[in-house]
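Architecture at a glance
Spelled out, the chains give:
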Amino acid sequence: MAALGGAAAAVWAQGSQTGPVAVPDLLQNTAVKAAIAGAKASEAQTIEDQIRFCEIPAPSFKEEMRGAELKRVFQELGLENVRVDKAGNVLGDYPGAAPRPRFVIAAHLDTVFPEGTNVKVKRDGHVLRGPGIGDDCRGLAVLVGVVREMKKAHVQTPGSITFVANVGEEGLGDLRGVKELFNTTLKDQIDRFVSIDGTGVHVTNVAVGSHRYRVTFKGPGGHSFGAFGMVNPMGAMGRAIAKIQEMQVPKQPKTTFNVGRVGGGTSVNSIPFEGWMEVDMRSSDPAALAAVDANFQKAVDQAVAEENQRWGRGTITVVKELVGDRPAGSTPENSAIVRTGLAAATALGFNANLGEGSTDSNLPMSLKIPAVTIGAGGRGSNAHALDESFDTTDAWMGTQYALLLTVALAR
Ligand SMILES: [Zn+2]
């Protein structure tokens, strides 16, 4: 047993965003060294966990079964206060010398695959194949690997750690897991956050935010011949789409919009009573995202006014329902958490690149809580597809990396 502290503790002086990063010192610590070695030695166990977690179905909103298994493992490994919050996030504490700072490290339980998907994992030499095997069963296995090796080596930290297997990262899950975690379960109790999501070794410090809408246009409807002259919801929607396609957005930071799906109508000879479309907008800059959203709203409202004015018979109404809201944000490159993320990789002899993405870290970044998302090692391909695969070659690097970063951030 060996406690950490001293010079290293100075890194995180009250809310400090800069300062020295003393990751290499940590590798001199006997317990940390043992845990890092253990992370490599027990890779077979980590892969076994990865397969077992993955063979428990966990579509977004139906994560209970996989969550129950993570809860069991958290308890078995000796985490304290293992609990499930209202959203279904599974939490377990690894207390340090002091309750604060509190570092939270998470991996998401949910997958994009609907109920009934065959989730059996196939082993093909050093390659594993199965839906969700990399995203994010690898993250869950690494999360558990970090707990296991820290416990085994009796690593002690000045600050406390909470390990979380969270729900609702994917698609219409809309970050509901981390929203519950930061807004309710651990409100004002999280000092820094890392999400383990995806594969390889990387540090995601820019959060691409998105707004998604389902827009429904409604009118009286009628016979295409008999009621001719009546306002048409499809007409309003067509006008709206034409205006949206003319919107101007900045190239830097990259800001985008897309009308992805349309539907509605009754028959070819009916004036429809309803038409709908789904629209997605993205940017890493909160102001740019707000601006493209405002222009979209204006385009829709103007389109409805024009359609109503054109015909004068009947009235089109419109409802814009926000069905996805991932806040944009970023953690500065010179912040302590990003520099620690890069330094931890260097200390272990690998290279981590900075990048952008849309992950659970979007939420804390938007709240200005230091946060990054890291990869869980190995090499993944075809995430979100049924033929997703994970190459286990040297995947232990991901476990070592998450472990060293955890120890470095829990102080
Ligand atoms: Zn993921």
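Quick note: structure is the one above.
Residues numbered from 1 in each chain as written. Predicted model: local features only at pLDDT ≥ 70, side-chain atom pairs only at ≥ 80, totals over all residues. Heavy atoms only, no water.

Overview of the overall build of the protein
Convention followed: Here a helix means four or more residues in a row that DSSP labels H or I, a strand means two or more in a row labelled E, and each is numbered from the N terminus. Exposed residues in this analysis have more than 50% of their type's maximum accessible area, buried residues have under 20%, and partly exposed residues fall in between, with area computed by a 1.4 Å probe over protein chains only. Contact criterion: two residues are considered in contact whenever any of their non-hydrogen atoms come within 4.5 Å of each other. Each accessible area is a Shrake-Rupley result for a 1.4 Å probe, and residues are judged covered by the shown protein chains and nothing else. Only four residue types enter the tally: Lys and Arg on the positive side, Asp and Glu on the negative side; His and the chain ends are excluded. Note on charges: their place is set at NZ of Lys, CZ of Arg, CG of Asp or CD of Glu.
A count of helices and strands for the protein gives 11 helices and 19 strands. Each of the three principal axes of the protein carries a C-alpha extent, and together these read 85 × 45 × 35 Å. Buried positions account for 55% of the 411 residues belonging to the protein. Here the analysis covers contacts within the protein between residues at least 6 apart in sequence; of these, 80% occur between residues at least 24 apart. Here the protein displays about 17100 Å² of accessible surface, and carbon together with sulfur accounts for 53% of that area. The positive charge centre, built from 41 side chains, and the negative charge centre, built from 43, are 1 Å apart in the protein.

Focus on the environment of M65
On the secondary structure map, M65 appears in helix 4 (residues 64–76). In this structure the C-alpha to C-alpha distance between M65 and V119, which are 54 residues apart in sequence, comes to 13 Å. Leaving out residues up to four positions away in the same chain, M65 has contacts with I56 and P57.

Remarks on the packing of aromatic side chains
Note the threshold: Here is the rule: rings of Phe, Tyr and Trp (six-membered ring for Trp) pair when centre to centre is within 6.5 Å. Planes less than 30 degrees apart are stacked, more than 60 are edge-to-face, and the remainder are tilted.
On inspection of all chains with the given rule, the structure shows four aromatic pairs. For the ring pair F182 and F193, a centre distance of 5.3 Å and an interplane angle of 75° mean the geometry is edge-to-face. Separated by 11 residues along the polypeptide, F182 in helix 6 (residues 176–185) and F193 in strand 7 (residues 192–196) bring together distant segments of the chain. Exposure remark for F182: the relative accessible area of 5% places this residue in the buried category.

Let's talk about the packing of helix 4 against helix 5 (residues 137–152)
What counts, and what does not: Lines are fitted to the C-alpha atoms to define the axes, a helix being fitted only along its stretch in contact, and any angle between axes, read from their N-to-C directions, falls within 0 to 180 degrees. The cut-offs work like this: below 35 degrees is roughly parallel, past 145 is roughly antiparallel, 65 to 115 is roughly perpendicular, and the gaps in between are oblique. Handedness of a helix crossing follows the sense of rotation of the near helix relative to the far helix, less than a right angle counterclockwise being left-handed and clockwise being right-handed. Just so you know the grouping, Ala, Val, Leu, Ile, Met, Phe, Trp, Tyr, Cys and Pro go in nonpolar, Asp, Glu, Lys and Arg go in charged, and all remaining residues, Gly too, go in polar.
Contact geometry for helix 4 and helix 5: axes closest at 11 Å, N-to-C directions at 15°. Classified by the angle between their axes, helix 4 and helix 5 sit roughly parallel to one another. As helix 4 runs across helix 5, the sense of the crossing is right-handed. Judged by residue contacts, R66, L70, V73 and F74 of helix 4 engage C137, L140, L143 and V144 from helix 5. Class assignment for the residues of the contact of helix 4 with helix 5 results in seven nonpolar, no polar and one charged.

Some details on the sheet that holds strand 18 (residues 379–381)
Here is the rule: Pairing between strands requires that DSSP locate at least two bridges from one strand to the other.
Strand order in the open sheet made by the four strands is 4-5-19-18, with antiparallel pairing throughout. Of all the strands in the sheet, just strand 4 (122–124) and strand 18 have a single pairing partner and so form its edges. Strand-to-strand twist in this sheet, taken as the mean axis angle between neighbours without regard to direction, amounts to 20°. Sheet topology note: the strand 5 (residues 127–129)/strand 19 (residues 389–391) ladder contains three bridges and is antiparallel. Across the sheet, V127 pairs through a bridge with D391, a residue of strand 19. Those strands touched by helix 3 (residues 43–54) are strand 4, strand 5 and strand 19, and its axis lies near 15° from that of strand 5.

Quick word on unusual backbone geometry
R100 connects to P101 through a cis peptide bond whose omega is -5°. By the element assignment, P101 lies in the loop between strand 2 (90–94) and strand 3 (102–108). The omega torsion of the bond from D135 to D136 falls at 10°, within 30 degrees of zero and hence cis. Along the chain, D136 falls in the loop between strand 5 and helix 5. Backbone geometry at D174 places phi at a positive 55°, although glycine is not the residue there. Mapped onto the elements, D174 comes out in the loop between strand 6 (160–166) and helix 6.

Regarding the pairing of strand 8 (residues 202–207)
Alignment of strand 8 against strand 16 (residues 353–357), held across five bridges, turns out to be parallel. Residue pairing in the sheet places T204 in a bridge with G355 of strand 16. Pairing geometry for strand 8 and strand 15 (residues 329–330), over two bridges, is antiparallel. Along strand 15, the bridge assignment pairs V206 with S330.

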